[in-house]
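Each chain, letter by letter, is given below.
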Amino acid sequence: MKLAAETLSAWAIECLQRSRVSEADAHCLAESLVQTSLWGIDSHGIARLTHYLNRLAHGSVNPAPQIVVTRSGPATAQVAGDRGLGIVVAHRANRIAMEIAREQGVGAVGVSDSSHCGAVGLYARAAAREGLIGFAFTHSDKIAAPHGGHRPFLGTNPIAMAFPREGSEPVCLDMATTSIPWNRVMNARREGGAIAPGVAVDADGHDTTDAQQASALRPLGGPDYGHKGYGLALAVELLCGPLHGNPWGPLIGPMYAELERPRRLGAFFVVLDPQRFAGGPAFAATVEQIARALAAEPGAPKMPGDPEREAEAQRRAEGIPIEPGLAAEMRSWSDRLGVASPL
């Protein structure tokens, strides 16, 4: 089954407004989730809406937060999210980082007391579309085993960086520091599927492809080179947890359990104005030159972000796939909120 992006956005907006989210915030969240699905990143797309609705219903996410912004220095700011929807809080913080970068050349903004902020590529890309260079980081509860261990300790702790590209969508690297996102495991559990070998372990530390038995993800690099992903994950944890007064690793409330408990998640956004550097005037054009040079190489390598751009073109034409388990959740929430189901 496939649904048009506009259909999914309209349904999500109505569900959120029935959950006491403002019209502006509902549009922000719904359009962000649908955009993520259009990119083919189903682990963080419209499939996550039902989780957010569940958190709103249990009171651990505040539908109408009083977000407080504190300018802490010429190029820095702190955003207190008041347990708001993470995507809404993150867009606000990233926008402030962009404004500061235009003023000062660089803007660094931290987030405290927020919730799950979706795909961090949303924010890095937003900066790059306006000619800036964007970096985005966030953390989550214990999902990943540290290299050398097998018990979950850190989150998937993703990193995104995006660069303007003349005549095209930004170049964007958006990656977890684990072998796969945990939401891919959750999707496999919901749909009864398996996960790839080498990406997760069971409670005894043995490799597993059974999503139901997966206890922890392996860090990026797998069993042999996982020290790289583990090191990156720890760095992101420090940038998003302790730096902004948030809990870290095992101290963070679980995403899919203890639904009444606020998660107090952090994020960190850094934006650069390339015009403050020697190559700035020609930067976006040079990025496009590099993309063309890569495309001319044997195998025609793509720039990071190109697969998402291609997926979006296809899904806008054909619709966004809705798996059976997700369809059932959507129907259930439609009935619960008194919203017409799009299915």
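The following refers to the structure shown. Residue numbering note: each chain is counted from 1, following its sequence as written. At least 70 in pLDDT is required for a residue's local features to be given in this predicted model, at least 80 for side-chain atom pairs to be given and counted, and no such filter applies to totals for whole chains, interfaces and linings, which use all residues. Heavy atoms from the whole structure form the basis of all side-chain values; hydrogens and water molecules are not counted.

This part covers the overall build of the protein chain. The helix and strand inventory of the protein chain stands at 10 helices and 11 strands. We compute the radius of gyration over the C-alpha atoms and compare it with the globule rule, which gives 2.2 Å times the number of residues raised to the power 0.38. Compactness check: the protein chain gives a C-alpha radius of gyration of 20 Å against a globular reference of 20 Å for 343 residues, within 12% of the reference. When contacts within the protein chain are restricted to residue pairs at least 6 apart in sequence, those whose partners lie at least 24 apart make up 66%. By element, 54% of the accessible surface of the protein chain is carried by carbon and sulfur atoms, the whole surface being about 14,500 Å². The secondary structure listing takes helices from DSSP runs of H or I that are at least 4 residues long and strands from runs of E that are at least 2 residues long, numbered from the N terminus. Contact definition: two residues touch when any of their heavy atoms are within 4.5 Å. For the accessible areas, the method is Shrake-Rupley and the probe is 1.4 Å, while residue cover comes only from the protein chains on display.

Once that is clear, we can look at the sheet that holds strand β4 (residues 106-114). Reading across the sheet, the seven strands line up as β2-β3-β4-β10-β5-β6-β7 and stay open at both edges, with mixed pairing between neighbours. Looking at strand neighbours, the two that pair on one side only are β2 (68-73) and β7 (171-175), the edges of this open sheet. Across this sheet, the average inter-strand angle for adjacent strands is 15°, counted without regard to direction. Two strands pair if DSSP finds at least two bridges between them. Examined bridge by bridge, strand β5 (residues 133-138) and strand β6 (residues 159-163) share four bridges and lie antiparallel to one another. Directly across from F135, in β6, lies its bridge partner M161. Angular values range over 0 to 180 degrees, each being the angle between N-to-C directions of two axes fitted as lines to C-alpha atoms, with helices fitted over their stretch in contact. Strand contacts of helix α5 (residues 121-129): β5, β6, β7 and β10 (265-272), with the helix running at about 15° to β6, the strand carrying the most contacts.

Counting residues in each nonpolar core, the largest one holds 63 residues, and the members touching the most others are L16, I46, Y123 and F269. Sorting elements by how many residues they give to this core places helix α4 (residues 86-104) first, with 10 residues. What Y123 contacts, discounting residues up to four positions off in sequence, is G86, I87, A90, H91, N94, C117, A136 and F269. Joining through side-chain atoms within 4.5 Å is the link that ties buried Ala, Val, Leu, Ile, Met, Phe, Trp, Tyr and Cys residues into a set, and such a set is a nonpolar core. Throughout, exposure labels follow a simple rule: accessible area from a 1.4 Å probe, protein chains only, divided by the maximum for the residue type, with under 20% read as buried, over 50% as exposed, and the rest as partly exposed. Counting residues in each nonpolar core, the second largest holds 12 residues, with V185, A188, A200 and A214 among its members.

Interhelical geometry of helix α3 (residues 49-58) versus helix α10 (residues 324-337) gives an angle of 35° and a closest axis separation of 11 Å. α3 and α10 meet at a crossing whose hand is left-handed. Here α3 contributes T50, L53, N54 and A57 to the contact with α10, which in turn contributes E329, W333, R336 and L337. Residue polarity follows a fixed list, in which Ala, Val, Leu, Ile, Met, Phe, Trp, Tyr, Cys and Pro are nonpolar, Asp, Glu, Lys and Arg are charged, and the others, Gly among them, are polar. Classifying every residue of the contact of α3 with α10 by side-chain character gives four nonpolar, two polar and two charged. Take the far helix as your reference; a near helix turned counterclockwise from it by less than a right angle gives a left-handed crossing, and one turned clockwise gives a right-handed crossing.

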